[in-house]
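# Observations on the three-dimensional arrangement
Given next are the chains, with one letter for each unit.
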Amino acid sequence: MDKVTVFGAGHVGATTAFYLAHRRDLDISMVDIDGGKARGLALDIEQSLSYPGSRSTVSGSADAGEVSGSDLVVITAGTPRKRGMSRLDLTSVNAEVVEPIARGVAESAPNAVVVVVTNPVDEMTYLAWSATGFPHRRVVGMAGVLDTSRFMNFLRNVTGVAATDMEAMVLGTHGDDMVPLLDSSVLGDRPLSTALDGADLESVVERTRNAGAEIVGHLKTGSAYFAPAVAIGLMVDAILGDGGDVLPVSTYLDGEYGIRGVFLGVPARLDRSGVVEVVELELSDREIRMLERASEGVLERVLSIRRDRQ
Ligand code: 2OP
């Protein structure tokens, strides 16, 4: 059975462990600085598996060494946003959490694929990659699947078209430089940019960009977790299922889309080795320009994090 370790037993980590335990037969370890919380939630999750018939096992601990032997690691640990905060406001506090976890993963689970969820995700993915010393392909960030899921949901609200009849994708950063593909996405059998009128499309894009903040605004002290957990589940399926699925993920670009040296949301083919290839879609000029702008922002922020942490 594959072993997955989830760092963080907060809402995102625990919901992810629950979803994964039901979805696939896995040996799941949840690690949290609050070991009691991780243990209690692990017991609860494992006790939910009998009737559905999942053979997964779930354990919880404060010991980061539990990651040993993991095939896949999901890092959700860190502080979530509170009302009025942007994801970038979390940079320094979450860097302190993600870096040591990543170093521990490199030591105890040197062959694992790492999925980073902690925000700001594109920057934290870079930090995790550099702290592990792993090849780029084995460290990916989760954002595009979540943002695309939200985008499709808002499109469905406006048009009534089911998500299964859309081919849509959101690339770029998990933040203000999110790039919902308007020219390259298809709704039914029409390009998105002609299927909706300008004002409707603009409001769907705005709502997608602010979807995380909208939820934080309602919850006041936490952020979303159901849709993030399902998005993580899709990535875990793609990686452990080894089928070469293409998903939008934050991955290292080495000249693809004309961008180099940053982790950014683009479509990538995933298997058990991580990212097999970045898939270069034929984007419109404006989509490419938006991706370039997004990459410049991430690069600037990563350089400033590196300066701060030297
Ligand atoms: C969100 O967008 C938590 O960043 C995550 O809801």
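Our structure's up above, just so we're on the same page.
Structural notes, computed from the coordinates. (Residues numbered from 1 in each chain as written. Predicted model: local features only at pLDDT ≥ 70, side-chain atom pairs only at ≥ 80, totals over all residues. Heavy atoms only, no water.)

### Details of the site of the ligand
Inclusion rule: Throughout, near means a residue has at least one heavy atom within 4 Å of the molecule or strand. Pairing of N or O atoms within 3.5 Å defines a polar contact, subject to two protein rules: one partner must be a possible hydrogen donor and the other a possible acceptor, and residues neighboring in sequence count only if both atoms are side-chain atoms. The accessible surface values rely on the Shrake-Rupley method and a 1.4 Å probe; as for residues, cover is taken only from the protein chains in view. The way it works is a 1 Å grid over only the protein atoms, where trapped points that fit a 1.4 Å probe form a cavity and open points with protein on both sides within 12 Å along at least five of seven lines form a pocket, and then any residue with an atom within 4 Å of a point lines it. The way we define it, a molecule is inside a pocket or cavity when more than half of its atoms are within 2 Å of that pocket's grid points. Throughout this entry, Asp, Glu, Lys and Arg are counted as charged residues, while Ala, Val, Leu, Ile, Met, Phe, Trp, Tyr, Cys and Pro are counted as nonpolar. The remaining residues, Gly among them, count as polar.
Around the ligand, the surrounding shell consists of Arg-87, Asn-119, Leu-146, Arg-150, His-174, Gly-212, Ser-223 and Ala-224. At a separation of 2.7 Å, an oxygen atom of the ligand approaches a polar side-chain atom of Arg-87. The fraction of the free accessible surface of the ligand (220 Å²) that becomes covered by protein chains is 92%. Among the detected pockets, the ligand sits in the largest pocket. Tallied by class, the residues present in the shell around the ligand amount to 2 nonpolar, 4 polar and 2 charged.

### Describing helix H8 (residues 211–219)
So the rule is basically this: Only protein chains enter the calculation, and the probe is 1.4 Å; a residue is then buried if its accessible area is under 20% of its type maximum, exposed if over 50%, and partly exposed in between. Starting at the N terminus, helices and strands are each numbered in turn, a helix being any DSSP run of H or I of at least four residues and a strand any DSSP run of E of at least two. Relevant arc is that of directions from the helix axis to the C-beta atoms, nothing else. Two residues form a contact once any of their heavy atoms are found within 4.5 Å.
Turning to H8, its buried residues are Ala-211, Gly-212 and Val-216. One side of H8 carries all its buried residues, which in axial view fall inside an arc of 140°. Packed against the buried residues of H8 are helix H5 (144–159) and helix H7 (198–209). Once H8 ends, the next one or two residues include Lys-220, with phi positive near 75°.

### Some points on the nonpolar core
Across soluble globular proteins, nonpolar side chains have a tendency to be buried as a group. Filter applied, for reference: Each nonpolar core is a collection of buried residues, namely Ala, Val, Leu, Ile, Met, Phe, Trp, Tyr and Cys, held together in the definition by side-chain atoms within 4.5 Å.
With 45 residues, the main nonpolar core has Phe-7, Val-73, Val-105, Val-114, Leu-264 and Leu-291 as its most contacted residues. Ignoring any residue separated from it by four or fewer positions in sequence, one finds Phe-7 in contact with Val-31, Ala-64, Val-67, Val-73, Val-74, Ile-75, Thr-76, Ala-77, Ile-101 and Val-105.

### Looking at the pairing of strand E2 (residues 26–31)
We apply this condition: By this definition, two strands are paired if DSSP reports at least two bridges between them. By convention, orient the strands away from the viewer: a clockwise path from the first strand over the helix to the second makes the crossover right-handed.
Counting buried residues along E2, 5 of its 6 residues qualify, which places the element largely inside the surrounding structure. Sheet topology note: the strand E1 (residues 2–7)/E2 ladder contains 6 bridges and is parallel. When the bridges of E2 are listed, Phe-7 appears paired with Val-31. Following the backbone out of E1, through helix H1 (residues 11–23) and into the adjacent parallel E2, one traces a crossover that is right-handed. Alignment of E2 against strand E3 (residues 57–61), held across 5 bridges, turns out to be parallel. Bridge pairing in E3 links Ile-28 to Val-58. After leaving E2, the chain enters helix H2 (residues 35–47) and then returns to the sheet as E3, a path that is right-handed.

### Description of the pairing of E1
Across the 6 residues of E1, 6 count as buried, placing the element largely inside the fold. The pairing of E1 with strand E4 (residues 72–75) spans 4 bridges and is parallel. What sits directly across from Val-4, in E4, is Leu-72.

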